[in-house]
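The chain contents come next:
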4 protein chains.
Amino acid sequence: MRRIGFVGLGSMGLPMAKNLAQAGYEVLAWNRTPKEAEGLTQVGSPKEAAGTGLVITMLADDAATEAVLPEILEGLPPGGLHIAMSTLGVPYSRALWERHRQAGRRYLAAPVFGRPEAAARGELRIVVAGAPADVEEARPLLKALGVEVYEVGEAPHLAHAVKLGGNFLIASMLEALAEAYVLVEKNGVRREAFYEVVRGFFRSPVYEAYGRILLERRFSPPGFKLRLGLKDVRLIHQAADTTQTPLPLGHLLLDRFLEGVARGMGEEDWTAILKLVEAEGGLHG
Amino acid sequence: MRRIGFVGLGSMGLPMAKNLAQAGYEVLAWNRTPKEAEGLTQVGSPKEAAGTGLVITMLADDAATEAVLPEILEGLPPGGLHIAMSTLGVPYSRALWERHRQAGRRYLAAPVFGRPEAAARGELRIVVAGAPADVEEARPLLKALGVEVYEVGEAPHLAHAVKLGGNFLIASMLEALAEAYVLVEKNGVRREAFYEVVRGFFRSPVYEAYGRILLERRFSPPGFKLRLGLKDVRLIHQAADTTQTPLPLGHLLLDRFLEGVARGMGEEDWTAILKLVEAEGGLHG
Amino acid sequence: MRRIGFVGLGSMGLPMAKNLAQAGYEVLAWNRTPKEAEGLTQVGSPKEAAGTGLVITMLADDAATEAVLPEILEGLPPGGLHIAMSTLGVPYSRALWERHRQAGRRYLAAPVFGRPEAAARGELRIVVAGAPADVEEARPLLKALGVEVYEVGEAPHLAHAVKLGGNFLIASMLEALAEAYVLVEKNGVRREAFYEVVRGFFRSPVYEAYGRILLERRFSPPGFKLRLGLKDVRLIHQAADTTQTPLPLGHLLLDRFLEGVARGMGEEDWTAILKLVEAEGGLHG
Amino acid sequence: MRRIGFVGLGSMGLPMAKNLAQAGYEVLAWNRTPKEAEGLTQVGSPKEAAGTGLVITMLADDAATEAVLPEILEGLPPGGLHIAMSTLGVPYSRALWERHRQAGRRYLAAPVFGRPEAAARGELRIVVAGAPADVEEARPLLKALGVEVYEVGEAPHLAHAVKLGGNFLIASMLEALAEAYVLVEKNGVRREAFYEVVRGFFRSPVYEAYGRILLERRFSPPGFKLRLGLKDVRLIHQAADTTQTPLPLGHLLLDRFLEGVARGMGEEDWTAILKLVEAEGGLHG
């Protein structure tokens, strides 16, 4: 039974770690605030988790990853493998690659699409990039976590670029749906009627799920917090800005999520941007 | 065998009229420039087509519809039914309703989602609004044209509002995909790799089809011309403007399509907005 | 003493008509709701005012102008001159030109920059376009109304295009000032301090005046109503849309003013868009 | 005769340092690439310049300032004063304040408005913030450099916030003028005619100067490079982003300048964004 380390037991990390345990891995797990969980062996430091020779990080953002990185690099034996599954910024992911190389450790990026429920069911969609041999080594783990694994290149940060590109599409869809609901309602249409047409037209589980959340205004408890949406949109902006890429729709989203956080909605579900669109149009207050 | 009139044999209208003929209707068809087509009986005027008591119009826009309207109203017997299947502006559709009422004729709006190929296969998605009895009368015809019929209300123009809301979502998706392709490419990702992830994530035939067209840059021959995209975005703008609805993403689209037409790309496929996004980002010239 | 007609005695028209009377013209004035004013001779119809052979219209918009147009054309003797001083849409102004030509009457466009106070002081800035001989004929009148007369071409609607271009610059300045005030305040700066710098830098009476209104939040009573600001931005959009001109900043303004009206602020001063910018940034509620 | 240090002899720094020399200061000047200039004493390091006890930095950006900071802090005697006159980011300026405090040195921010010609004529407009006693100490120097000195608060970074707010207004004006020129031209107006109206209406030397540059399309040699415009807009974005401030017009500018740099126009004058607006509207290629 292979021993692996897992750092970060948040709403995504916990179910992922459990799935790995269930798949037969001995999981040495660490979280900033200790979390007991059946099947996981809690350890006292990220370093200890990395001592297994293969460690996964699933943390909130670049800063949280950076906070554990020195221990990860120290704990990993020479040639050990670090798989970053969080959504990280492209420049930061690129820097991680370089730093692992200089330290004689290996780095793989494998961010995921899916909400906590999908993580729990092992139905994530995983985007992976890195050296082919490293990808092969990681594949059994990734298979335990997701239904699909997409390989997008040999430079690890490409996986984060793809992840951010995907998040951009999702956030764009939210904005479009919110504007459309308000537009049709102001023209006299019941939103339910519009939703059925949208559902039938796109035939996408993503439109179906988000369209329904927006329809029912289920902004709380949050599935994905608006302030994390802002974090992602900032990373999308960064990926554009650092490569001299105008991104008008991305910047529209940035203003939208900044507004949400400025208005105190950071802890609501990110679909709550609908309320901002409604208010702009004079609906609901 | 019921006789019906059909006005407008363009790339959408012709396959639709043929499907009705094949479904057993005697179709008295009229087009501005006469078009012979098997199974259709060509008549000399919209008035003659309307003389059947039930006439469908499938024309380019509000103006083309307005051009035949006097003859339609004159040709229809009292109580006769006009089904407008074009994408019309909401205010114009609302006015049509009123004018039919005053003339003692019935008006049903039934715009469609789908490209010419879908029309040919009878696989359109039809949004219908109008008096319930009129909808029932039209249902057999609509079934011959499409795979789904969505009823969205009793005021006919609601169907056009829904249609425009849907078109807004599609155009928004195009803009988002175009920006995303350029963003990931400028970050080093092959577009093909990104496309596979998008396809797998959304699992929508619409993303699949448009994502591929954008990937392969198949801007010609056009499936839907950019200048018609502009026409639709203008109607979306109108539906927002006349109801005091801010629509920031809609206006971003308006600028995009205005740019496309200003640059002389009006006859290309509307997905050619990708070229504008690429050029802004310094790609391909 | 020359007799002239003056149609429209609103907040701008009334002081203008008075100035003409004071300059020695016999002014036959008409308003939809009769308004007594010293020095003006009230007449019973626009037709009567036009009977003088030279009539000025100063009305709210295209529709209000269109409402009196038949009487104007009927009242003017052959070769008579109509000077439209309202802010009109470019396509409408162009149509007016054609209609006067067909009727054998002359048409001059002479829209003005300035608020009611400036009108009262005879300090308007007037943009005029039309046949050179007509401009010469009008010059003495225009001199009585304003401090500057700018000739911008022989096709009358060019004056309206210039007027709308100017209004676009003013509205853009308002948006920029509003965003800047919020930006610096959220960074800890007192707005007064920022205002002094802006004033000193631009050295423009326009920035000085509007900067102060925004600083003092004097949104009521309105100097220029937000709903009229929306009207102007719509005409700016129209001038762009009808000529295939993308206008991203113009469309940002359109969304801003649509929001203002949708939120019920149409009767406040148009500088009240500051409240929208503040609210977006989480300030003042 | 007081001895002072001056670090950074670029297109702005050089004339400023000369003016200080002419005002009677003994100026110990340092530049990365040595630059001889009459009246200035060249020294071998920023540290030596700071050894005078009062040192001004006038460098390209945050990074260039950071590159000399250790020497500045080391060279300044305890209680010595550093006046940062460059345009710096608000967070960086705030950090500089803290670092000087910890090192027992004083820090004043005094960014300037004005192009190189204004610097040469001693006609800059200077925004200063810091401890009142420090401002008083600096006042004679600032008077030698500019025509106006605006005090905006005691926290030095406030001066940089004001400077960025001002730059935001200028860049917004450029975008507005560019869009307006294209809009009126596409409606048939000669740009010269429009320019005269704008000049007369705003009565601002800033509109007059920039309006003329845009009119004459004098994009080269650059007075202020487009890539530096992008740098400033990025700092504006940062000031907004770090304070949760939506800034739609600011983000429109960000996309515009990103486009300019992406298209290879970074070394042209920043007014060259006019070419982008023209191209979008189908003018000039």
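So, here's what we can say about the structure. (Residues numbered from 1 in each chain as written. Chains lettered and ligands numbered in written order. Predicted model: local features only at pLDDT ≥ 70, side-chain atom pairs only at ≥ 80, totals over all residues. Heavy atoms only, no water.)

**Comments concerning the packing of helix α7 (residues 157-186) of chain A against helix α10 (residues 226-241) of chain A**
Residue and element names in this part refer to chain A. Our working rule: Angles run from 0 to 180 degrees between N-to-C directions of axes, and those axes are lines fitted to C-alpha atoms, restricted for helices to the stretch in contact. In DSSP terms, a helix is any run of H or I states spanning at least four residues, a strand is any run of E spanning at least two, and both are numbered starting from the N terminus. Roughly parallel refers to an angle under 35 degrees, roughly antiparallel to one over 145, roughly perpendicular to one between 65 and 115, and oblique to any angle outside these ranges. Note on convention: the crossing is left-handed when the near helix lies turned anticlockwise from the far helix by less than a right angle, right-handed when the turn is clockwise. By definition, residues are in contact when any of their heavy atoms lie within 4.5 Å. Following the grouping adopted for this structure description, the nonpolar residues are Ala, Val, Leu, Ile, Met, Phe, Trp, Tyr, Cys and Pro, the charged ones are Asp, Glu, Lys and Arg, and the polar ones are all others, Gly among them.
At a minimum axis separation of 10 Å, α7 and α10 run at an interaxial angle of 120°. Judged by the inter-axis angle, α7 sits oblique to α10. Remark: the crossing between α7 and α10 carries left-handed chirality. Residues L164, N167 and F168 of α7 form the contact with α10, whose own contacting residues are D232, L235 and I236. Residues that form the contact of α7 with α10 fall into these classes: four nonpolar, one polar and one charged.

**Regarding the relation of the copies chain A and chain B**
Quick note on the threshold: To superpose the copies, least squares is applied to the C-alpha atoms of every residue with a pLDDT of at least 70 in both.
Structural alignment of chain A on chain B gives an RMSD of 0.0 Å, achieved by rotating through 180° and translating 0.0 Å along the axis. Here the transformation between the copies is reduced to the relation of a two-fold axis. Rotation axis and chain A: the residue whose C-alpha lies nearest the axis is S204(A), separated from it by 2.2 Å. In this assembly the copies share their binding face: 100% of the residues contributing to the interface of chain A also contribute to that of chain B.

**Quick word on the side chain of T271(D)**
As a reminder, the rule being used: With a 1.4 Å probe rolled over the protein chains alone, any residue whose accessible area is under 20% of its type maximum counts as buried; one over 50% counts as exposed, and the rest are partly exposed.
Of note, T271(D) is situated in the loop between α11 (248-262) and α12 (273-280). Given the relative accessible area of 0%, T271(D) is considered buried.

**Remarks on the packing of aromatic side chains**
The following threshold applies: To pair, rings of Phe, Tyr and Trp, with the six-membered ring standing in for Trp, must have centres within 6.5 Å; the planes then decide the type, stacked if under 30 degrees apart, edge-to-face if over 60, and tilted in the middle.
Here the structure, examined in full by the defined rule, presents 34 aromatic pairs over all chains. Ring geometry for F201(A) and F113(B): centres 5.0 Å apart, planes at 40°, overall tilted. Taken together, the positions of F201(A) in helix α8 (residues 191-202) and F113(B) in strand β7 (residues 112-113) put the pair across two chains. Taking the relative accessible area as the measure of exposure, F113(B) reaches 3% and is therefore buried. Consider the rings of Y207(A) and F202(B), whose centres lie 6.2 Å apart with planes at 50°: the pair is tilted.

**Observations concerning unusual backbone geometry**
Here the residue pair S220(C) and P221(C) is connected by a cis peptide bond, since its omega of 0° sits within 30 degrees of zero. Residue position: P221(C) is located in the loop between α9 (205-216) and α10 (226-241). One non-glycine residue, Q244(D), adopts positive backbone phi at about 50°. One can find Q244(D) in the loop between α10 (226-241) and α11. Looking at Q244(D), the relative accessible area reads 28%, which means it is partly exposed.

**A word on the sheet that holds strand β8 (residues 124-128) of chain C**
All names here are of chain C. Inclusion rule: Pairing between strands requires that DSSP locate at least two bridges from one strand to the other.
Taken in spatial order, the three strands line up as β7-β8-β9 in an open sheet, and their pairing is mixed. Either end of the sheet is taken by a strand with one partner, and the two such strands are β7 (112-113) and β9 (146-151). Looking at chain direction, β8 and β9 are connected through five bridges and run parallel. Each residue of the ladder has a partner; that of I126, found in β9, is V149. Sheet contacts for helix α6 (residues 132-145): β8 and β9; angle to β9, the most-contacted strand, approximately 150°.

**Some words on the interface of chain D and chain A**
Put simply, the rule reads: For this document, the term salt bridge refers to a Lys or Arg side-chain nitrogen within 4 Å of an Asp or Glu carboxyl oxygen. In protein, a polar contact requires one atom able to donate a hydrogen and another able to accept it; more generally it is a pair of N or O atoms within 3.5 Å, and residues adjacent in sequence count only if both atoms are side-chain atoms.
With 15 residues of chain D at the interface, the matching set in chain A holds 15 residues. Here chain D is connected to chain A by two salt bridges. The salt bridge partner of R234(D) is D241(A), with a shortest N-O separation of 2.8 Å. There are seven residue pairs in polar contact (both at pLDDT 80 or more) connecting chain D and chain A. Residue assignment for the side of chain D that touches chain A shows that the elements contributing at least two residues are α10 and α11 of chain D. Tallying contributions element by element places α11(D) first for the side of chain D that touches chain A, with eight residues. For the side of chain D that touches chain A, the residue count by class is seven nonpolar, four polar and four charged.

**Considering the environment of L164(D)**
Residue and element names in this part refer to chain D. Its location among the elements puts L164 in helix α7 (residues 157-186). It is 7.3 Å that separates the C-alpha atoms of L164 and D232, two residues lying 68 residues apart in sequence. Beyond its immediate chain neighbours, meaning those up to four positions away, L164 contacts T87, L88, V90, D232, L235 and I236.

**Section: the relation of the copies chain D and chain A**
Here two copies of a chain appear, and what relates them is a rotation about an axis with a shift along it. Note on the copies: chain D fits chain A at an RMSD of 0.0 Å, the axial shift is 0.0 Å, and the rotation between them is 180°. A high fraction, 100%, of the interface residues of chain D reappear at the interface in chain A, so the copies pair face to face through one surface.

Keep in mind these values describe shape, not function.
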